[in-house]
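Read off the chains here:
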Amino acid sequence: YGVSATLLFTASHGLGYPRSREDLQRAAQGAIVCQDWPGTRAWTEGDPIPNSMILSGADVRELGDQVRLDGLIVFSFACYTAGTPERSDFHHLHGSIPLEIAEKPFVARLPQELLGRGALAFIGHVDRAWFYSFGWPDVGAQTDTFQSTLEAMLSGVPVGHALEYFQLKYLELNSTLTEKSLINEFRLQLPQGKELTSVWTARNDARAYILLGDPLVQLYPERLMEM
């Protein structure tokens with residue numbers, strides 16, 4: 001059997017492992033943590049999350065040829081869903097010391113398995129995904145970038161073009177960071193360290209969304225209305 005959905009969007013936690021567990025990183029880093037997991041308040045810190053509570057590349061592979069995902073577009077918001085870099089892009093949170101999180105960079109297994117079974121495009125996150133993707137401290141929800149991207153895709157815009165909203169967010173944050181850094185350097189005004197760190201983290205988070213697959217894939221709104 002195949003899938004009837006053309007666009008799948010997920011928002012969740014993404015599974016992550018330390019550099020010392022390269023075997024698990026390669027197999028399951030970026031796997032989607034499902035709603036069966038009760039959350040941090042009901043979970044003992046450090047305990048592994050069982051396979052029954054995640055969706056990994058291995059789960060897709062075990063389905064074998066009975067499942068085809070022809071034409072599917074996936075947008076998955078979670079840590080490491082697209083891949084893992086060798087060093088974290090958020091070293092400014094660790095005393096400016098680059099933190100090695102993998103022996104070498106790699107693409108997550110889940111999108112590889114999905115694309116191998118007919119999915120045409122996968123949008124995911126490299127490295128950790130942060131609250132700044134959809135909100136801001138003391139402000140609340142800031143979901144315009146996600147909404148604009150999804151609306152563009154649903155209206156038939158190619159996925160590569162629709163992802164431009166994240167690029168624009170990155171450019172805006174990068175400009176803000178540059179301005180604040182220059183102001184700080186010339187001591188015209190000293191922004192709070194917390195504020196500067198927030199903008200830096202949000203900037204790096206925004207540029208970590210990538211597209212795997214075909215950037216020219218597009219939905220056909222008239223067909224979606226028939227479903």
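Residues numbered from 1 in each chain as written. Predicted model: local features only at pLDDT ≥ 70, side-chain atom pairs only at ≥ 80, totals over all residues. Heavy atoms only, no water.

1. Notes on the sheet that holds strand S1 (residues 7–11)
Part 1 of the argument: Ordered by their spatial adjacency, 4 strands build an open sheet running S1-S4-S7-S10, and the pairing between neighbours is mixed. Where the open sheet ends on each side, the last strands, each with one partner, are S1 and strand S10 (209–213). Neighbouring strand axes in the sheet, compared pairwise and without regard to direction, differ in orientation by 15° on average.
Part 2 of the argument: The pairing of strand S7 (residues 121–125) with S10 spans 5 bridges and is classified as antiparallel. Looking at the pairing, His 125 lines up with Tyr 209 of S10.
Part 3 of the argument: Against the sheet, helix H3 (residues 109–116) engages strand S4 (73–77), S7 and S10, with an angle of about 170° to S7. (Pairing = 2+ DSSP bridges. Helix = DSSP H or I, 4+ residues; strand = E, 2+ residues; numbered from the N terminus. Axes fitted to C-alpha atoms, helices over the stretch in contact; angles between N-to-C directions. Contact = heavy atoms within 4.5 Å.)

2. Focus: the layout of surface pockets
Part 1 of the argument: In this structure, the largest pocket encloses a volume near 800 Å³.
Part 2 of the argument: Along the lines of polarity and charge, the residues of the lining of the largest pocket split into 15 nonpolar, 10 polar and 6 charged.
Part 3 of the argument: The space that makes up the second largest pocket amounts to roughly 320 Å³.
Part 4 of the argument: Along the walls of the second largest pocket sit 13 residues, with Trp 136, Gln 142, Lys 169, Glu 172 and Leu 173 positioned nearest its centre.
Part 5 of the argument: Of all the secondary structure elements, the ones that give two or more residues to the lining of the second largest pocket are strand S8 (135–136), helix H4 (144–154) and helix H6 (164–185).
Part 6 of the argument: With 4 residues, the top contributor of residues to the lining of the second largest pocket is H6.
Part 7 of the argument: Tallied by class, the residues present in the lining of the second largest pocket amount to 5 nonpolar, 5 polar and 3 charged. (1 Å grid on protein atoms, 1.4 Å probe; cavity = no way out; pocket = protein on both sides within 12 Å on 5 of 7 lines; lining within 4 Å. Points joined across faces, edges and corners; volume = space filled by probe spheres on them. Nonpolar A, V, L, I, M, F, W, Y, C, P; charged D, E, K, R; others polar.)

3. Looking at the pattern of salt bridges
Part 1 of the argument: Summed over all chains, the structure comprises 8 salt bridges.
Part 2 of the argument: Arg 207 serves as the salt-bridge partner of Asp 89, at 2.9 Å between the closest nitrogen and oxygen. Of this pair, Asp 89 sits in the loop between strand S5 (83–84) and strand S6 (106–107) while Arg 207 sits in the loop between helix H7 (193–206) and S10, placing them 118 residues apart in sequence.
Part 3 of the argument: Given a relative accessible area of 22%, Asp 89 falls into the partly exposed group.
Part 4 of the argument: Where salt bridges share partners, they join Arg 19, Glu 86, Arg 87 and Glu 100 into one cluster. (Salt bridge = Lys/Arg side-chain N within 4 Å of Asp/Glu carboxyl O. Buried < 20%, exposed > 50% of the residue type's maximum accessible area, 1.4 Å probe, protein only.)

This is a description of form; function is not addressed.
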